[in-house]
Amino acid sequence: MQRRSTERLARILDACAELLDESGYEALSTRAVAVRAGVPIGSVYRFFGNKRAMADALARRNLDRYAARVTERFAAHAASDWRGALDVVLDEYLAMKRGVPGFALVDFGAQLPLGTRVPASGRSPADPAADPNQWVADRLTALLSGHLGLAPSAALRRTVLVAVEATDALLQLAFRTDASGDPGIVSETRELLRAYLARTLD
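Residues numbered from 1 in each chain as written. Predicted model: local features only at pLDDT ≥ 70, side-chain atom pairs only at ≥ 80, totals over all residues. Heavy atoms only, no water.

Brief notes about the environment of Phe74
Here is the rule: Numbering of helices and strands runs from the N terminus, with a helix taken as a DSSP run of H or I at least four residues long and a strand as a DSSP run of E at least two residues long. We call two residues contacting when some pair of their heavy atoms lies within 4.5 Å.
Note that Phe74 resides in helix H4 (residues 51-74). What Phe74 contacts, discounting residues up to four positions off in sequence, is Ala85, Val88, Val89, Leu143, Leu144 and His147.

Next comes the structure, spelled out in structure tokens:
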């Protein structure tokens, strides 16, 4: 029963992601998701009260999958190679942005409409934990500190948060400029991050 429920949830989120790419958030409906997923609409409402909740869940799944991909690729890099680790972090994000259904609109924080941050369900917009970039910074601080053998200190977490915020803004610009991510802006983003993080990680 639990496995069937998990599989049904995955189908619903997959359908949500596909429909976001095809028709955008405004045209998304729980009924359309149910039809695409091949499940009764009651099954959708069993998991989600509305389409915003679905988008939030898709964002959380994206972050989990991103963290898993980064962790897997870290294994190929020496613990002393923080620049290699940075390349993994950036390249995996770009790969998901270009190839994962629904990611362009939702990424890790339900940017609906595009570029607008949406607080996590049940949280006040004033709550720092409602900001998706805070979640991303938490996950990346844990991943990087574990890989590089560093203490996950408040100072490291602040540095990672600043890097995440800067990268978020610059990559939004890159994808506004070119649907595939403007290569020049991506390259400049990489160089900016290396220069900034060198203060802490060298």
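A look at the side chain of Thr167
Definition in use: To sort residues, take the accessible area from a 1.4 Å probe on protein chains only and compare it with the maximum for the residue type: under 20% means buried, over 50% means exposed, and anything in between is partly exposed.
Mapped onto the secondary structure, Thr167 falls in helix H8 (residues 154-177). A residue is classified by how much of its surface remains accessible, and Thr167, at 13% relative accessible area, is buried. Residues in contact with Thr167, not counting those within four places in the same chain, are Leu90, Thr189 and Leu193.

Digging into the nonpolar core
The line we're drawing: Take the buried Ala, Val, Leu, Ile, Met, Phe, Trp, Tyr and Cys residues and link them wherever side-chain atoms come within 4.5 Å; each set so joined is a nonpolar core.
Tyr66, Phe74 and Leu140 are the most contacted members of the largest nonpolar core, which has 35 residues in total. Broken down by secondary-structure element, the contributors of at least two residues to this core are H4, helix H5 (82-99), helix H7 (132-148), H8 and helix H9 (183-201). Leaving out residues up to four positions away in the same chain, Tyr66 has contacts with Val89, Glu92, Tyr93, Met96, Phe108 and Leu140. Counting 23 residues, the second largest nonpolar core, distinct from the first, contains Leu20, Leu28, Val39 and Leu58.

As for H4
Operational definition: By this rule, a helix spans an expected 1.5 Å times one less than how many residues it contains. The term polar contact refers here to a pair of N or O atoms within 3.5 Å; inside protein, the definition further demands a hydrogen-donor-capable atom paired with an acceptor-capable atom, and it admits residues adjacent in sequence only when both atoms are side-chain atoms.
Given a rise of 1.5 Å per residue, 24 residues ought to cover 34 Å, and the 35 Å separating the end C-alpha atoms of H4 matches this to within 8%. For H4, the N-terminal capping position is held by Asn50, with its side-chain oxygen 3.2 Å away from the main-chain nitrogen of Arg52.

Concerning the packing of H5 against H9
Cut-off, in case you're wondering: The axes are straight lines fitted to the C-alpha atoms, using for helices just the contacting stretch, and the angles between their N-to-C directions are given from 0 to 180°. Should an angle lie under 35 degrees it is considered roughly parallel, over 145 roughly antiparallel, and from 65 to 115 roughly perpendicular; all remaining angles are considered oblique. By the definition used in this description, the sense in which the near helix is turned from the far one sets the handedness, with an anticlockwise turn below a right angle giving left-handed and a clockwise turn giving right-handed. Only Asp, Glu, Lys and Arg are considered charged in this grouping, and only Ala, Val, Leu, Ile, Met, Phe, Trp, Tyr, Cys and Pro are considered nonpolar; every other residue, Gly among them, is considered polar.
Where H5 contacts H9, the two axes come as close as 10 Å, and the packing angle between them is 140 degrees. Comparing their axes, H9 and H5 come out oblique. Where H5 crosses over H9, the handedness of that crossing is right-handed. Across the interface between the two elements, Trp82, Arg83, Leu86, Asp87, Leu90, Asp91 and Leu94 from H5 touch Val186, Arg190, Leu193, Arg194, Leu197, Ala198 and Leu201 from H9. Among the residues making up the contact of H5 with H9, the classes are represented as nine nonpolar, no polar and five charged.

Observations concerning H8
Over its 24 residues, H8 extends 35 Å from the first C-alpha to the last, a length consistent with the 34 Å expected when each residue adds 1.5 Å. When we look at burial in H8, the residues that qualify are Leu156, Thr159, Val160, Leu161, Ala163, Val164, Thr167, Asp168, Leu171, Ala174 and Phe175. Residues of H8 that are buried in the fold lie against H5, H7 and H9.

Section: the packing of aromatic side chains
This is how the line gets drawn: Aromatic rings from Phe, Tyr and Trp, taking only the six-membered ring of Trp, are treated as a pair when their centres fall within 6.5 Å; an angle between ring planes under 30 degrees marks them as stacked, one over 60 as edge-to-face, and anything in between as tilted. Two thresholds decide whether a charge sits over a ring: the Lys NZ or Arg CZ must be within 6 Å of the ring centre and within 35 degrees of the ring normal.
In this structure the tally under the stated criterion is five aromatic pairs. With a centroid separation of 5.5 Å and an interplanar angle of 65 degrees, the aromatic rings of Tyr93 and Phe103 are classed as edge-to-face. A residue pair is termed long-range when its members are at least 10 positions apart, and Tyr93 in helix H5 and Phe103 in helix H6 (residues 103-106) qualify at 10 residues. Just as Tyr93 is buried, Phe103 falls in that class too. Ring centres 5.3 Å apart and planes at 85 degrees place the aromatic pair Phe103 and Phe108 in the edge-to-face group. Residue classification places Phe103 among the buried positions, given a relative accessible area of 0%. Positioned over the ring face of Phe47 is Arg46, at 5.0 Å from the centre of the ring. Taking the ring centre of Tyr25 as reference, the NZ or CZ of Lys51 above it sits at 4.5 Å.

Topic: the pattern of salt bridges
Under the convention used in this document: The term salt bridge refers to a pairing of a side-chain nitrogen on Lys or Arg with a carboxyl oxygen on Asp or Glu at a separation within 4 Å.
For the structure on display, the rule yields 13 salt bridges. Across the salt bridge formed by Glu18 and Arg36, the nearest N and O atoms sit 3.1 Å from each other. Here Arg36 lies in helix H2 (residues 30-37) and Glu18 lies in helix H1 (residues 2-23), a separation of 18 residues in the sequence. Residue Glu18 is classed as partly exposed on the basis of its relative accessible area of 32%. Judged by relative accessible area, which is 36%, Arg36 ranks as partly exposed.

Distances and angles like these do not, on their own, reveal function.
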